[in-house]
Amino acid sequence: MPRSRALSVCCKRPTSSVCVAGEPVTVDVFGSAPPGATKFRIHGCSGVKIKVANQAKNRKTSKGAKKLPLNRKTVVSVTTTHPSSEINDIQVKFTYYGRYGKSALGCAMLNLTSVDISLDVDAHRNGTFSGSRAEKKPWTWGPDGHGAVLLVNCDRDKKNSKDMDSMDESAPNSEDIKDMSPMILRSRAPEAIFEKYSLVLHISYEDVDKVTVFQKLASGYEHVLGGVVEDHEVQCIGDEETTFYVEGLAFPDVHFSGLISIQLTLQKKDEEVLSKDPIFTDEVVFRIAPWIMTPNTLEPLEVFVCSLPDNAIFFEEVTSFVKQSKCKLTACSPKDSGGDRWIQDEMEFGYIEAPQKSFPVVFDSPRNGPLEDFPFKKILGPDFGYVTREPEDPCDVSTLDSFGNLEVSPPVTVSGKDYPLGRILIGGPCPRSGGMQMTEVVRDFLHAQQVQKPLELWSDWLHVGHVDEFLTFVPAPDRKGFRLLLASTTACYRLFQQKKKEGCGDAVMFQGIQPKTFTINQILSNKKMVKESKHVQSCIDWNRDILKEELGLTEEDIIDIPALFKLGSSGLADAFFPGMVNMLVLGKHLGIPKPFGPIIRGKCCLEEEVRSLLEPLGLKCSFINDFHSYHQLMGEVHCGTNVRRKPFNFKWWNMAL
């Protein structure tokens, strides 16, 4: 509870003050009493509630009440019930008596001007602008939580602008203002009160660069607070509502919790600085909306792929596959890509959401290949935001900072803890190895969003080092609503041994795709490959155990997809044949790298095995030829595509953190 304001009264002259309706004012009746006074009486006009606390006994009193004992422990609290219509139109009279109480020793008059002032936001997150002070501060999580939400205005609504709206210093337009959160100042008071008192909006020095506040005027919108401005005096004329729009400028990060506090203070105008004891202070708290990733289980909206002179077959097959799923396709031209085909590595799609609005936001990776300008120049636009994080030293960027190394699980529950927006997965070094990691600024950003608690896996046993090389998620109609697919050398050898027993050991893989082919017998008898496969499987199994523990999975939630890897001179692994887990997931449609496995009775046994594992889940498998244009360059279908998906139905602020 806020501390009530204290007033002193005097028997020699009336005391006049301003108070806020509904807010208690404490009156020092003992300090103002004349000598010899031991009792007092209170007379209050209508519209006043009076409470007297004398030692441990509380009393309510009103006009004409009986005499009350007076001592140092006597506390009188006065609360007005409604705003004044005139200056000093609410009176409270204190009359003092001696021990016998026959005649008054003196009296003190308190004249109050009551005002009704509040700073209101959508604290209930339902589009209403009302609520108690407790509901506006502090900000709390959960379905019964309260506190307003603020979007980072990171899209570009202005046609002639070359930057994000949050970086544009010009006044917002009608579309830009929709990305901001309304804040309403309500005042009911005699107009004359603002000749001596002022209302001041204030934001702390630590938060001043995190928001901008615009005041709505008849002529447009005026920048009044934030950026570099910490205080703004609001011009009031009495009974009115003043509308402000608050714009977020910064996402939560390692040194910023995402919480923004704005204060409204009623103070005397003759104060040179903010009064140390203001008449009244109201406060609202916003939380900046986090950037949220979308998993494969959410509905696809748009697929991005690069069109290059040497990936015509791949591009054509991806185009056909996307049409089957009835999804929009956006092609990145050679001019826009600069010849860079790894569009998954360059960026990750997510979104931000407030109760009044949501829009997608592309996260631009720090890899900065030839595609580095594509997200900013071609994707940033009206209702499509942009964010990036780059280390100060470009040398700190490694292959682990490409966003094929950034994935997110579907919603999971782990030991009773719900993650309704899933958990972010990133690849890094073997624990305690001190190896290569995703750059610190990106990891800090991901952790600061809070709602998709990141989980670091072991991926630097791979040459490229991305988590999408050995895992993915696909939707499923049962259990948890998805399956985790893991690359498995054990599953591949098991399949090949079975085919050998069936008399198909001479079946050839890579037939028609490259000069050097291999039979099942050759692969099974290659001791070096067998040894390397056991090593790779141990690396995947390490991650398997982590995923089961941290995502609350069981073996029934996991499907092993046949895979083989080869180790280079550095001892790091690359896919031997196109890695089928590195797929494009569009609802029930799976665009899987064509493995060019051993042909048995006219069919690829690897394709047939994957169909038998996934199609019972209602999934439709299409195999895409990425062999020359991606696989031989150490990437697959997922690496060469990117997907924007529909946001979660679940509202992030309802999480129990």
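Computed from a predicted model, the values in this text were never measured in an experiment.

S.K.: Which parts of the structure should I look at to understand the packing of aromatic side chains?
M.R.: For any pair of aromatic rings, geometry is given as the distance between the ring centres together with the angle between the planes. For the structure on display, the rule yields 24 aromatic pairs. Each ring, one from Phe251 and one from Phe445, has its centre 5.9 Å from the other, and the planes form 75 degrees; the classification is edge-to-face. A residue pair is termed long-range when its members are at least 10 positions apart, and Phe251 in the loop between strand E17 (240-248) and strand E18 (259-268) and Phe445 in helix H6 (residues 440-448) qualify at 194 residues. On the basis of relative accessibility, which here comes to 5%, the residue Phe251 falls in the buried class. Measuring from centroid to centroid gives 5.7 Å for Phe596 and Phe627, while their planes differ by 80 degrees, and the two rings are edge-to-face. With Phe596 in the loop between strand E39 (589-593) and strand E40 (599-600) and Phe627 in the loop between strand E42 (620-624) and strand E43 (641-645), this residue pair connects regions lying 31 residues apart in the sequence. Among the residues examined, Phe596 registers a relative accessible area of 14% and is labelled buried. Take Phe627: its relative accessible area is 2%, and that puts it in the buried class. Members of the aromatic cluster, each reached through a chain of ring pairs, are Phe251, Trp291, Phe363, Phe403 and Phe445. Just above the ring of Trp139 sits the side chain of Arg287; from NZ or CZ to the centre is 4.8 Å. The aromatic ring of Phe596 is capped on one face by Lys594, whose charged end is 5.6 Å from the ring centroid.

S.K.: Quick question: what am I supposed to make of the sheet that holds strand E31 (residues 471-475) here?
M.R.: By definition, the strands of a sheet pair up through backbone hydrogen bonds, in either a parallel or an antiparallel sense. Strand order in the open sheet formed by three strands is E31-E32-E35, with mixed pairing between adjacent strands. Each edge of the sheet is formed by a strand with only one pairing partner; in this case those strands are E31 and strand E35 (558-562). Going from strand to strand, the sheet's axes swing by 35 degrees on average, the running direction of each strand aside. For E31 and strand E32 (residues 482-488), the ladder comprises five bridges, and the chain directions are antiparallel. Pairing of Thr472 across the sheet is with Leu485, part of E32. Of the strands in this sheet, E31, E32 and E35 are in contact with helix H9 (residues 527-551), which crosses E32 at around 160 degrees.

About the thresholds
- Residues numbered from 1 in each chain as written.
- Predicted model: local features only at pLDDT ≥ 70, side-chain atom pairs only at ≥ 80, totals over all residues.
- Heavy atoms only, no water.
- Phe/Tyr/Trp six-rings, centres within 6.5 Å; stacked < 30°, edge-to-face > 60°.
- Helix = DSSP H or I, 4+ residues; strand = E, 2+ residues; numbered from the N terminus.
- Buried < 20%, exposed > 50% of the residue type's maximum accessible area, 1.4 Å probe, protein only.
- Lys NZ or Arg CZ within 6 Å of the ring centre and 35° of its normal.
- Pairing = 2+ DSSP bridges.
- Axes fitted to C-alpha atoms, helices over the stretch in contact; angles between N-to-C directions.
- Contact = heavy atoms within 4.5 Å.

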